[in-house]
Structures are given as C-alpha cells and as structure tokens.
Amino acid sequence: MGERKPAGWRTPYFLVEEERLLHNLEILRDVKARSGCKILLAQKAFSMYSCYPLIAEYLDGSAASGLYEARLGKEEFGKETHVFSPAYREDEFDEILSYADHVVFNSPAQVKRYAAKAKKAGKSIGLRINPECSTQEGHAIYDPCSPGSRLGTTLENFQEEQLEFLDGFHFHTLCEQDSDALEVTVAAVEERFGRWLPKLKWLNLGGGHHITRSDYDRERLIRIIRHLKETYDLEVYLEPGEAVVLNAGFLVATVLDTMYNGINLAILDTSAACHMPDVLEMPYRPPVQESGLPGEKAWTYRLGGPTCLAGDVIGDYSFDRQLEPGSRVVFEDMALYTMVKTNTFNGMPLPSIVYRERDGRERLVKKFAYEDFKSRL
Ligand SMILES: Cc1ncc(COP(=O)(O)O)c(C=O)c1O
C-alpha cells in the first residue's frame, strides 16, 4: 500500500478511479457470460499493474506485445498470457516461451522459424491474419489493413501446409470502433479464411472494440461471437485495451502561467508531448472537466505544456472562470495509452500515479524523481 492523503497530491498526476474501472469490468463480465468468449487485457493500453489483481477477478488473462509485457502479465496478472509480436528476436524467444501460453506469429516465415520450438514447449500457436478489410477512416496509422501494412498475413501469403502447427488465428483491425465494423471484418475473415476455421481451436478478434462506451452495440457483439462459436466450434478471444479503462482515469494539472498573444494562453505543468503524446500523434482533443468549446464559455484559453516544443499544445478550451497560476485543470479519459507512453523529453518529470478506492480514499501508487530521468540516459 502506498502513501495515503485526502487530497493535494503534487501535480501533474494520473488519477485512476476504482469505481469507474469496476463499471467497465462489470460490462465486460456480462459480455463474457452472455457470449461465451474470453477477454484479455491488452497491456499496451494500460499496464498499471497494481490494478491487475482486481482486473484478473473479471478477465481471463493479459495480452502482450513482446517480452516485457509478457513478463509483467505473467508475474502480475497471472491467468492466461498471450503474446503477439510482428517479429520475435532469437535472443528473447526462450524467455518469452517461459511466460506465454499463446504465441501468435505475424508471418509464415516467423512460423517456420519458431513454431516447432513453441509447439514443443507446449504452447498454443496462432497466426495473425490480415483480412484486408479497412473499416476506419482518418487514422491511417491505426489501420493494420491499410495498403502495404506489415501487420498480419494476407490470404495471398498464407501457407496452408502450416496449419499443422496452428491452433488459432488472430486478427486486429479496429480502433475505437463499434460492433458494426467488427461484423464487416468478420465477414471478410470468413470469406478469405473461413474454410480453415473449423480446423482451429480458437480465434482472437484483437482489440479496438469500444465495448464499454455507452452507445456501443453489445448485443450485436454477442451475436457475432455466438455465431463464430456455433459455426466453427471455436474458443473466441477479445483483447481490448481501451475498453477496460475507458473513462476510468484523469490527468490532474496546474496552471503555471498565463499570457496573451492574440489569444489567451495558459502554460500547464503537464505536457502533451511528454504525458499524453496521443494528443499530438492521433491527434485528438482530450476532454477537460468544466470546459467548453472555444468561445462557448466566458474565458477561452489555449492550453500548452512547459516544454520547448512550439507544438506542445493540448487544445483550445473555454471556462467560466479566468485561469491563473495555481488553477487546476483536469483532463478526462486519461488512463489509456498515457502512463504507458510517457517520456521525459526536456527533463520533464513523469506524473505521479494515484488510485482512488471505492470508498473515496486516495492512495499514491507511484511518484517519480530526477533518477527516473537520469537512469534512462
Ligand atoms: C494486437 C493488438 N491487440 C489489442 C490491441 C488493443 O487495442 P485497443 O486498446 O484499441 O482495444 C491492440 C492495439 O493496438 C493491438 O495492436
């Protein structure tokens, strides 16, 4: 247990709320119960492992992108550990086998290189397939089905004779999508790869399913999973990251200074580049508590970070109040793809991590210092 304090943590800090996490976990448990699928936590989105024992009460295991996440999943989450990597390294593979239950390969060449060894070690073996079916617009960097994608084996490259090694297929093609996109994708998978599905033990539908979003069509998801299970007699896995912690966390920041340059500017003690890089990468405008669109409320500000990067700008927001040094600014939906992506560019301190328990008490899970910056360099 970490340090306890009623409030007043040094900003910036990530705040994860148990009650909001539980809300999502209850929904995922219901989907599991009604569809018969298994659900894994995709650790790439959220690796705050102090929450793993709670998540493990609801979900079936964890999904890893390589050696370190596989180890974290095995040691801290337990249950099933699944690993997919676009290409495995020879010098890491034995250690990966020591943690993994399922090992998913990206290409026939990787199957050829490693599958016999993994099979001998008693692992369940999968191949990531590419159904060549794009269902998303706008975010090409999140579309594994975009032309020239390196992610997954296309039908043209599939080698039927490798089926003797394969226990399952894996695909991941969605990003923050509803189950209508899954339906289209599953139809493409069946059209291209359907003839081999009856020979397999499992099918992993990847992540990108926004299952816990209030307007997500869960009934359709459940129908799709049941259809796959009944038609092909398969175990079906989902490995969402975002959906597990959607809206379950905040990033709490403080205004350090304000200025005017044709628009009101506020410099915060948090940085888009260092603490929420998806804001710049994706890009998107994160929700801020008690704010409106520019001009909607009395005071409009451009919120930016304290780094040297001119583009370290989070966005333009309006508030009922004037911002001044010391004002709090709270960013919403900050549990996913944040803590796992932070960096110390400009020597920026990493935000602390605080957990609010069901009874409202807050606990400091982690705080960082100069050594965390220095030790990486
Ligand atoms: C293979 C794989 N599985 C699962 C996920 C999790 O996706 P999300 O967090 O959008 O649910 C990703 C995200 O990139 C992924 O690449």
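Residues numbered from 1 in each chain as written. Predicted model: local features only at pLDDT ≥ 70, side-chain atom pairs only at ≥ 80, totals over all residues. Heavy atoms only, no water.

S.K.: When you look at helix α7 (residues 218-232) in this model, what are you seeing that I'm missing?
M.R.: Two residues of an α-helix separated by three or four positions point the same way, owing to the 3.6 residues in each turn. Taking 1.5 Å of rise per residue, the 15 residues of α7 would be expected to cover 21 Å, and the 21 Å separating its terminal C-alpha atoms lies within 8% of that figure. Tucked inside the fold, the buried residues of α7 contact α1 (18-35), α6 (179-193), β8 (202-204) and β9 (235-238). N-cap assignment for α7: the residue whose side-chain oxygen lies 3.3 Å from the backbone N of E219 is D217. With its phi angle positive at about 55°, D233 sits one or two positions after the end of α7. (Helix = DSSP H or I, 4+ residues; strand = E, 2+ residues; numbered from the N terminus. Expected span 1.5 Å × (residues − 1). Contact = heavy atoms within 4.5 Å. Polar contact = N/O pair within 3.5 Å; in protein donor to acceptor, adjacent residues only side chain to side chain.)

S.K.: So what exactly am I meant to see when it comes to the nonpolar core here?
M.R.: A general feature of soluble globular proteins is that nonpolar side chains tend to end up buried together. Core analysis: the largest hydrophobic core is formed by 95 residues, its most contacted members being I55, L59, F105, F169, L303 and F331. When residues are assigned to domains, this core turns out to be shared by domain 1 (36-245) and domain 2 (249-334 + 342-374), each giving three or more. The contacts of I55, once residues within four sequence positions are left out, are L21, L25, L41, F46, F77 and V244. Grouped together as the second largest cluster of nonpolar side chains are eight residues, W9, V252, V330 and L364 included. (Core = buried A, V, L, I, M, F, W, Y, C linked by side-chain atoms within 4.5 Å. Buried < 20%, exposed > 50% of the residue type's maximum accessible area, 1.4 Å probe, protein only. Domains from an automatic or database assignment.)

S.K.: Can you walk me through α6 in this structure?
M.R.: With 15 residues, α6 extends 20 Å from end C-alpha to end C-alpha; this agrees with the ideal 21 Å at 1.5 Å per step. Elements that come into contact with the buried residues of α6 comprise β7 (168-170) and α7.

S.K.: Explain unusual backbone geometry here, please?
M.R.: Where the residue is not glycine, phi is negative for most of them; where a peptide bond is considered, it is trans in most cases. Residue P12 follows T11 across a cis peptide bond; omega there is -5°. The residue P12 is located in the segment before β1 (13-17) in this model. Between M282 and P283 the backbone carries a cis peptide bond, its omega angle lying at -20°. Here P283 shows up in the loop between α10 (278-281) and β12 (299-304). If you check the backbone angles, E290 has positive phi at about 55° while not being a glycine.

S.K.: Even after reading the chapter, I still don't get the packing of α1 against α7, so can you show me in this structure?
M.R.: α7 packs onto α1 with a crossing angle of 40° between their chain directions and a minimal axis gap of 9 Å. The two elements α1 and α7 cross, and the hand of that crossing is right-handed. Between α1 and α7, the contacting residues are I27, V31, R34 and S35 on the first element and R218, E219, L221, I222, I225, R226 and K229 on the second. The residue makeup of the contact of α1 with α7, split by class, is five nonpolar, one polar and five charged. (Axes fitted to C-alpha atoms, helices over the stretch in contact; angles between N-to-C directions. Left-handed = near helix turned anticlockwise from the far one by under 90°. Nonpolar A, V, L, I, M, F, W, Y, C, P; charged D, E, K, R; others polar.)

S.K.: Quick question: what am I supposed to make of the sheet that holds β8 here?
M.R.: Strand pairing in a sheet takes place through backbone hydrogen bonds and is either antiparallel or parallel in direction. With respect to topology, eight strands assemble into a closed barrel ordered β2-β3-β4-β5-β6-β7-β8-β9, the strand pairing being parallel. Sheet twist, expressed as the mean angle between neighbouring strand axes with direction ignored, is 25°. Bridge analysis of β7 against β8 gives three bridges, and the strand direction is parallel. If you follow F169 over to β8, its bridge partner there is L203. Contacts from helix α3 (residues 67-77) reach β2 (38-42), β3 (61-64) and β4 (80-84), with the element oriented near 170° to β3. (Pairing = 2+ DSSP bridges.)

S.K.: Would you mind going over the pattern of salt bridges with me for this structure?
M.R.: When the charged atoms of two side chains with opposite charge come close together, those side chains can pair. Applying the stated rule across the entire model yields 25 salt bridges. Residue R29 is joined to E26 by a salt bridge in which the shortest nitrogen-to-oxygen separation is 3.6 Å. Here E26 and R29 lie together in helix α1, a separation of three residues that amounts to about one turn. Overall, the relative accessible area of 38% leaves R29 in the partly exposed class. Among the residues examined, E26 registers a relative accessible area of 38% and is labelled partly exposed. We note a salt bridge from E219 to R34, for which the minimum N-O separation is 3.1 Å. Taken together, the residues E219 in helix α7 and R34 in helix α1 connect sequence positions 185 residues apart. (Salt bridge = Lys/Arg side-chain N within 4 Å of Asp/Glu carboxyl O.)

S.K.: Even after reading the chapter, I still don't get the environment of D312, so can you show me in this structure?
M.R.: Tracing the backbone through its elements, the reader meets D312 in the loop between β12 and β13 (313-319). In contact with D312, not counting residues within four places along its chain, are S271, A272, A273, G304, G305, P306 and T307. A distance of 2.7 Å separates a polar side-chain atom of D312 from the backbone nitrogen of A272.

S.K.: Looking at this model, I keep getting lost on the site of the ligand. Mind explaining?
M.R.: What surrounds the ligand is a group of 13 residues, the closest being G208, E239, G241, E242 and Y337. One of the side-chain N or O atoms of H172 is found 3.5 Å from an oxygen atom in the ligand. Within the contact set of the ligand, an oxygen atom lies 3.0 Å away from a backbone nitrogen or oxygen of E242. For the ligand, whose accessible area on its own is 390 Å², the fraction buried by protein is 86%. A per-class count over the shell around the ligand returns four nonpolar, five polar and four charged. (Near = heavy atom within 4 Å. Areas by Shrake-Rupley, 256 points an atom, 1.4 Å probe, with all protein chains shown as cover.)

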